Amino acid sequence: MLNEDYLINTSICDARINLEHTIKTNPQQVKQLAEKVLEKLKDSEGHKTRRQMVAAMLKKANKLIGAS
C-alpha cells in the first residue's frame with residue numbers, strides 16, 4: 001500500500017510508476033496521497049522535481065475524478 005512517506009523517501013521514478021499504476025484503479029487515493037505529500041514537502045528545501053511530479057499526478061487524478 002502506498003503512503004506519503006514511501007512516496008517521499010523512494011526514488012522519483014518509483015514514486016511516479018506506483019502513482020501511475022494506482023491512478024488507473026483508484027484516482028481518489030492518488031489525490032489524497034498527492035495532497036498529503038505536497039503538504040509535507042511545501043516548506044522543505046529541495047524536492048522540486050518530486051513536488052512537480054506529485055502536482056502533475058494530482059492534476060491527473062482530479063481530471064479523472066471529475067470525468068467520472
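Preceding this section is the structure that the text describes.
These figures come from a predicted structure and were not determined experimentally.

## Looking at the nonpolar core
Now for step 1: One finds Leu 7, Leu 19, Val 30, Val 37, Met 53 and Met 57 to be the most contacted residues of the largest nonpolar core, which totals 16 residues.
Now for step 2: Contacts of Val 30, omitting those with residues within four sequence positions, involve Leu 19, Thr 22, Ile 23, Met 57 and Ala 61.

## Here's the deal with helix α2 (residues 12–25)
Now for step 1: In this model, α2 (14 residues) spans 21 Å end to end at C-alpha, consistent with the 20 Å of a helix rising 1.5 Å per residue.
Now for step 2: For α2, the set of buried residues is Ala 15, Leu 19, Thr 22 and Ile 23. Looking straight down α2, one finds its buried side chains confined to an arc of 105 degrees; they lie on one side. Exposed and facing more than 90 degrees away from the buried side of α2 are His 21, Lys 24 and Thr 25.

What counts and how
Residues numbered from 1 in each chain as written. Predicted model: local features only at pLDDT ≥ 70, side-chain atom pairs only at ≥ 80, totals over all residues. Heavy atoms only, no water. Core = buried A, V, L, I, M, F, W, Y, C linked by side-chain atoms within 4.5 Å. Buried < 20%, exposed > 50% of the residue type's maximum accessible area, 1.4 Å probe, protein only. Contact = heavy atoms within 4.5 Å. Helix = DSSP H or I, 4+ residues; strand = E, 2+ residues; numbered from the N terminus. Expected span 1.5 Å × (residues − 1). Arc of directions from axis to C-beta.

In short, shape yes, function no, at least from these values alone.
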